[in-house]
Amino acid sequence: MDYQIIVGLEVHVQLQTKTKLFCGCVNLFNPDNPNVQTCPVCTAMPGSLPVMNREAFSLAMKTAVAINCGIASFTKWDRKQYYYPDLPKAYQISQFDLPFSENGFLDIEVDGEQRKIGIIRAHLEEDAGKNMHDESGKGGDSKVDLNRCGTPLVEIVSEPDMRSAAEAKEYLEELKLLLTYIDVSDCNMQEGSLRCDANVNLHVTNDDGEKIATPIVEVKNLNSFRGVELAIEYEADRQWDIYQETGLKIGDVAKETRGWDATRGKTFGQRGKEDAADYRYFPDPDLVPVTVTEEEKQAVRDSLGELPAARRSRFIEEYSLSKYDASVIVSQGNSFTLYYESVAKSCGDGKQAANWLTQEVLREMNERKISIEDFPITSDGLATSLINRVRDKKISIKSAKEIFARLMEDFGESNESYGDNKAFDQRVEQLIEEMGLALVSDTGELEGVVDAVLAKEQNQKAIEDFKGGKQAAVGALMGQVMKQIKGADAQTVRKMIIEKIQNM
Amino acid sequence: MSIVGKTTGELLDSMNQGELSSVEIVQAFLDEIGRRDNEVNAFLSVRPEKALEEAKEVDQKISAGEQLGLLAGIPIALKDVLCTEGETTTCGSKMLENFVPPYDAHVVQRLKKSGVISLGKVNMDEFAMGSSTENSAFKTTGNPWNVEHAPGGSSGGSAAAVGANMAPLSIGTDTGGSIRQPASFCGVVGMKPTYGRVSRYGLVAFASSLDQVGPMANDVSGAATLLEAIAGHDHRDSTSINCPVPSYSDSVDKPLEGLKIGVADEHFGEGLGDEVRKSVENSLDVYRSQGAKIVNISLPHSKYAVAAYYLIAPSEASSNLARYDGVHYGYRTENFDNMIDMYAASRGEAFGDEVKRRIMLGTYALSSGYYDAYYLKALKVRRLIRQDFDQAFEKVDVIASPVTASPAFKIGELSDDPLAMYLSDIYTISANLAGLPGISVPVGLSGNDLPIGLQLLGPAFEEDRLFRAARMFEKETDWKTLKVS
């Protein structure tokens, strides 16, 4: 007996519009000041009416095109009805049978294998507010914050095409990358601007070859990428145990809704509103249907720009990057790739630029927890003042990295960026001098030091070893020379030592 | 003639000529409310101080020679279903007994701009659901012609206030006949405009795809001027139509040459009372005498209108009224154990029977498994009804019909028979389903001195035609002398 994990994801993405979906209230994450971003419309005052936010619809269309969905020429709004204190109208304006977009896909790569994940539909709807319950255990009143109520959400429903937790995580990461690239959402899972529910079940192959699907479980409250991965793994194990125990198949029991407890690392049963829910969807008579012309659809396609997958391919082609480097750079987001391209163009060496970014820059960003936007060294500064000096043999690569580290340390203390490129370049020049890192190309000075080292009594053994064919012996000698002349170019030193020994 | 007997035009004239001040006019109507409303019970709230203060401001503007709005200084009564900032808006329901809106309805804003002065808010069936105003949680309004009879509904307070000379103008709302039927019962003019003509922003919703705000007045010209003041596009209502508003008040007196009036057999069949039939036929004679042609038309699907309406309207209502859950505003029960309990008890205690009946009907009709057979089917019928009208209006300019089968029934007479009450809207409902404008104009009196109205329906956005046609009758006759027996 064996099984295959089957996963489909429902992802809710908050669109970063200026205002809410059906009223003029600002759309901002603002949990500390409850109920300040509200008006008669989003608090469902009697007599208030919704008016669709065009900007939200246009961001939604961008989203749809990015995930390869077709955009409907005619779409309408439906009311999804249920009672909950964070839903003041007691219905959510959503889209039921005619979503604005359908039939898309997202390409992902897991362990070197390409996978095409189908997308059933994407529809636009309004977010609910937030209920806040007394967690002191003293049974205090619950409170409702309607700041979030009415925020535009795109719900993206995938096909059950994912076959592992890793694939689900990769799908989410690629989706997030895509949506942040096209600037429709910040996809911040902590702040809830990207939320994910996973539908999980197993396809079991019995010993006699019979294939059986187990009941589908929807796991909610997944608020981190890691959480999605862990919850799916946990759920698969749990369902496998249950199947072995009970043999229950899909259809034998109602669809179950479970929550994810991140601290305990377990899913837990929730009272399913799905069980008895009849949302009584019907077309919202307060809103008019939306029609989209072919020209409007084309305009959205044209406005998208280069998407991450295309950018990866171009980087490989244009800058001769490895697939891995291209992937690392692109996955850091749009701004990072722009920084990269700027460095690559300024120094004329895409590979060098990639090495610097994927190693030095990324490491500093991660250690200091800063974004590329806040990075103190500009792309031009990095290229002209550091990378180009290495290329021009003014300093060694090792020295450049030392200077870079020093610059970052200084930044860590002062938290100030380095003025304009000229000021920055002067600072680099100053550090080269201070730290004595200028490459010594004056062979006269170098010869003197090399001769002195070779003449030393203690070094005679190393010289003999080298003559006897032990190449590594030259390293110790080089070290001594380099110690005395910090800016010396290692290659030159090595060459000189070898020549001199051979001529002895 | 006493001040309170005057039409809007006469009142505006006397102000223009300096014969009357707005303060005098407002005071006269306030006095009339004091004199008559303990018997008629039209008003839920009266605002004498504010009204007089506003009248004083209008008078000051007049003497300063300032530019004034269309209806500056004229008093009005507002159906208590329109939100008024800082002033209680109850919808005739215990649910909103203490609800003070934080904003003005679009119509209220437009009225303020026109300079009209609100005397107060008037009674209605709870959430505009009913045909007699008996479903109000607060009081039973009497018909000013005979207070033992109902004023009609749901805009019964609006019709009674004008019918009793307690206001020359009022605002009503019409979802299935709620302006036209009470106008007919109380002997006043009432119009339901084309759907989308007047913004619904701030009108507390009953059935969103059918609700429309409209004018009521003691004469056709007053209604025309009032519609002119409130009509027009509003970006806050997505269903509001951006289409220019003609000056109804300018054209209302121009008769329509060669008017073709359609009459449908379906409107004169079984169930129509003799007095109403006679009165309507007499009114057609009046039109004939003015050169109008009466043309037979057919509205074959009108027999399904009531059934379709009582699926669509309650469906929308069940959803629109779900927000009254005791959480954010409105009535909340004192005693509850948990959240669901709080919802159920708050709604159970604060809604009246008719509202509950319609919420249940609508909830049922939208439930999975029933949606296609009820709601969706009703929408199809609705399209067919609209088609009937489109075809009819290829042949005729307006369609004439009774407003109701009989004059005002007695209070309590139908309150235990919801189906009979629903059927009292049989002639008015089609216009709401088709989104078309309709006017009710008084054309006679019954044997026991109760008014009888004539309904004229027109194509979309042809309110102007209806006002002019109604005015042709009004100008030619004194309807109060046209008694049938």
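Residues numbered from 1 in each chain as written. Chains lettered and ligands numbered in written order. Predicted model: local features only at pLDDT ≥ 70, side-chain atom pairs only at ≥ 80, totals over all residues. Heavy atoms only, no water.

1. Some details on the overall build of chain A
Then, in step 1: Assigned secondary structure in chain A consists of 16 helices and 17 strands.
Then, in step 2: By the compact-globule yardstick of 23 Å for 504 residues, chain A is too spread out, its C-alpha radius of gyration being 30 Å.
Then, in step 3: Along the first, second and third principal axes, the C-alpha set of chain A runs to 95 × 60 × 55 Å.
Then, in step 4: Considering chain A as a whole, with its 504 residues, one finds that 51% of them fall into the buried category.
Then, in step 5: Per element, the accessible surface of chain A, about 23,800 Å² overall, is 48% carbon and sulfur.
Then, in step 6: Across chain A, 60 positive and 84 negative side-chain charges occur, with their mean positions spaced 2 Å apart. (Helix = DSSP H or I, 4+ residues; strand = E, 2+ residues; numbered from the N terminus. Rg over C-alpha atoms; globule rule 2.2 N^0.38 Å. Buried < 20%, exposed > 50% of the residue type's maximum accessible area, 1.4 Å probe, protein only. Areas by Shrake-Rupley, 256 points an atom, 1.4 Å probe, with all protein chains shown as cover. Lys, Arg positive; Asp, Glu negative; His and termini not counted. Charge placed at Lys NZ, Arg CZ, Asp CG, Glu CD.)

2. Remarks on the overall build of chain B
Then, in step 1: Looking only at helices and strands, chain B features 16 helices and 11 strands.
Then, in step 2: Relative to the compact-globule value of 23 Å for 485 residues, chain B shows a C-alpha radius of gyration of 21 Å, a close match.
Then, in step 3: Each principal axis of the C-alpha distribution contributes one length, and for chain B these read about 65 × 55 × 45 Å.
Then, in step 4: Relative to its 485 residues, chain B shows a buried fraction of 62%.
Then, in step 5: Counting only contacts in chain B whose residues sit at least 6 apart along the sequence, the fraction spanning at least 24 positions is 76%. (Contact = heavy atoms within 4.5 Å.)

3. Some thoughts on the pairing of strand 3 (residues 117–122) of chain B
All names here are of chain B.
Then, in step 1: Within strand 3, six of the six residues are buried, which leaves it mostly tucked inside the rest of the structure.
Then, in step 2: For strand 1 (residues 43–46) and strand 3, the ladder comprises three bridges, and the chain directions are antiparallel. Within strand 3, the position partnered with V46 by the bridge is G120.
Then, in step 3: Here five bridges tie strand 2 (residues 75–79) to strand 3, and the two strands are oriented parallel to one another. Opposite P75, over in strand 3, you have I117 as the bridge partner. (Pairing = 2+ DSSP bridges.)

4. Things to note about a nonpolar patch on the surface
Then, in step 1: Taken together, the side chains of Y84 of chain A together with M339 and I340 of chain B define a hydrophobic patch exposed on the protein surface, amounting to about 260 Å² of accessible area.
Then, in step 2: Considering the arrangement of structural elements, one finds M339 of chain B in helix 11 (residues 339–350). (Patch = residues over 30% accessible without salt bridge, like charges linked within 9 Å, V, L, I, M, F, W, Y side chains within 5 Å. Salt bridge = Lys/Arg side-chain N within 4 Å of Asp/Glu carboxyl O.)

5. Details of the nonpolar core
Then, in step 1: If you look at the biggest cluster of nonpolar residues, it comprises 154 residues, and the most contacted ones within it are F127, I171, Y287, L456 and F467 of chain B.
Then, in step 2: No other element matches the eight residues that helix 10 (residues 305–320) of chain B contributes to this core.
Then, in step 3: Look past the residues within four positions of L456 of chain B in its chain and what remains in contact with it is Y287, V398, I399, A400, P437, G438, I439, L466, A469 and A470 of chain B.
Then, in step 4: Among the nonpolar cores identified, the runner-up in size contains 68 residues, and L15, L179, L194 and C196 of chain A belong to it. (Core = buried A, V, L, I, M, F, W, Y, C linked by side-chain atoms within 4.5 Å.)

6. With respect to the domain arrangement of chain A
The accessible area lost on association of the parts is a frequent measure of interface size.
Residues and elements named next belong to chain A.
Then, in step 1: As assigned here, chain A comprises domain 1 (10–196 + 274–291), domain 2 (306–434) and domain 3 (443–502).
Then, in step 2: Taken together, the seven residues of domain 1 in the interface contact 11 residues of domain 2.
Then, in step 3: Carbon and sulfur atoms supply 63% of the area buried between domain 1 and domain 2, which totals about 700 Å² over both sides.
Then, in step 4: In terms of surface lost to domain 2, no three residues of domain 1 exceed E174, L177 and Y181, which account for 70% of the buried area on that side.
Then, in step 5: At the boundary of domain 1 and domain 2, one finds two salt bridges.
Then, in step 6: Put simply, R312 and E174 hold a salt bridge, and the shortest N to O gap is 2.9 Å.
Then, in step 7: Along the contact surface separating domain 1 from domain 2 lie two residue pairs in polar contact (both at pLDDT 80 or more).
Then, in step 8: In terms of residue count, helix 2 (residues 165–181) provides more of the side of domain 1 that touches domain 2 than any other element does, four residues in total.
Then, in step 9: Of the residues assigned to the side of domain 1 that touches domain 2, the class counts are five nonpolar, no polar and two charged. (Domains from an automatic or database assignment. Buried area = accessible area lost by both parts, 1.4 Å probe. Polar contact = N/O pair within 3.5 Å; in protein donor to acceptor, adjacent residues only side chain to side chain. Nonpolar A, V, L, I, M, F, W, Y, C, P; charged D, E, K, R; others polar.)

7. A word on the interface of chain B and chain A
Then, in step 1: Each partner contributes residues to the interface: chain B has 38 residues there, and chain A has 31 residues.
Then, in step 2: Carbon and sulfur atoms supply 59% of the area buried between chain B and chain A, which totals about 2,800 Å² over both sides.
Then, in step 3: Counting across the interface, chain B meets chain A through one salt bridge.
Then, in step 4: Note that D286 of chain A is salt-bridged to R200 of chain B, the shortest N-O span being 3.1 Å.
Then, in step 5: Across the contact surface, chain B and chain A share 17 residue pairs in polar contact (both at pLDDT 80 or more).
Then, in step 6: At the level of elements, helix 10, helix 11 and helix 12 (353–366) of chain B are the ones that each hand at least two residues to the side of chain B that touches chain A.
Then, in step 7: Ranked by residue count, the leading element in the side of chain B that touches chain A is helix 10 of chain B, at four residues.
Then, in step 8: A class-by-class count of the residues in the side of chain B that touches chain A yields 18 nonpolar, 13 polar and seven charged.

8. Description of a negative patch on the surface
Residue and element names in this part refer to chain A.
Then, in step 1: A surface patch of negative charge is lined by E233, D237, D241 and E245.
Then, in step 2: Along the chain, D237 turns up in helix 3 (residues 225–246).
Then, in step 3: You can call D237 partly exposed: its relative accessible area is 44%.

9. What to know about the sheet that holds strand 16 (residues 282–283) of chain A
All names here are of chain A.
Then, in step 1: Within the open sheet, the three strands sit side by side as 5-4-16. Their pairing is antiparallel. Two strands in the sheet have a free side with no partner beyond their single neighbour: strand 5 (91–94) and strand 16.
Then, in step 2: In this structure, strand 4 (residues 78–81) lies alongside strand 5, joined through four bridges in antiparallel fashion. Each bridged residue has a counterpart across the sheet, and for Q81 the counterpart in strand 5 is Y91.

10. Structural notes on the sheet that holds strand 2 of chain B
Note on sheets: strands pair through backbone hydrogen bonds, and any given pair is parallel or antiparallel.
Residue and element names in this part refer to chain B.
Then, in step 1: Strands sit in the order 1-3-2-4-6-5-10-11-9-7-8 across an open sheet of 11 strands; the sheet is mixed. For this open sheet the edge positions go to strand 1 and strand 8 (293–297), each flanked by a neighbour on one side alone. Neighbour to neighbour, the strand axes of the sheet diverge by 30° on average, direction disregarded.
Then, in step 2: The pairing of strand 2 with strand 4 (residues 169–174) spans three bridges and is classified as parallel. Its bridge partner lying in strand 4, A77 is registered against S170. (Axes fitted to C-alpha atoms, helices over the stretch in contact; angles between N-to-C directions.)

11. Some remarks on the packing of aromatic side chains
Residue and element names in this part refer to chain A.
Then, in step 1: Taken as a whole and assessed by the stated rule, the structure comprises 33 aromatic pairs over all chains.
Then, in step 2: Arranged with centres 5.6 Å apart and planes meeting at 75°, the rings of F315 and Y319 form a pair that is edge-to-face. In this structure, F315 and Y319 share a single accessibility class: buried.
Then, in step 3: A cation over a ring is seen here: K80 above Y279, with NZ or CZ 4.4 Å from the ring centre.
Then, in step 4: We note K116 situated over the ring of F105; from NZ or CZ to the ring centre the distance is 3.7 Å. (Phe/Tyr/Trp six-rings, centres within 6.5 Å; stacked < 30°, edge-to-face > 60°. Lys NZ or Arg CZ within 6 Å of the ring centre and 35° of its normal.)

12. Examining the packing of helix 10 (residues 379–391) of chain A against helix 12 (residues 421–434) of chain A
Residue and element names in this part refer to chain A.
Then, in step 1: Axis separation between helix 10 and helix 12 bottoms out at 9 Å; the angle between their running directions is 30°. Relative to helix 12, helix 10 is oriented roughly parallel. Relative to helix 12, the crossing made by helix 10 is right-handed. Contacts from D380, G381, L382, S385, L386 and R389 of helix 10 reach helix 12 at N421, F424, D425, V428, E429 and I432.
Then, in step 2: By residue class, the composition of the contact of helix 10 with helix 12 is five nonpolar, three polar and four charged. (Parallel < 35°, antiparallel > 145°, perpendicular 65-115°, else oblique. Left-handed = near helix turned anticlockwise from the far one by under 90°.)

13. Points about the side chain of R280 of chain A
Then, in step 1: Mapped onto the fold, R280 of chain A is located in the loop between helix 4 (273–276) and strand 16.
Then, in step 2: There is no salt bridge for the buried R280 of chain A, and the closest opposite charge comes from D278 of chain A, which lies 5.4 Å off by N-O distance.
Then, in step 3: If sequence neighbours within four positions are ignored, R280 of chain A has contacts with R79 and Q81 of chain A together with T363, L366 and S367 of chain B.

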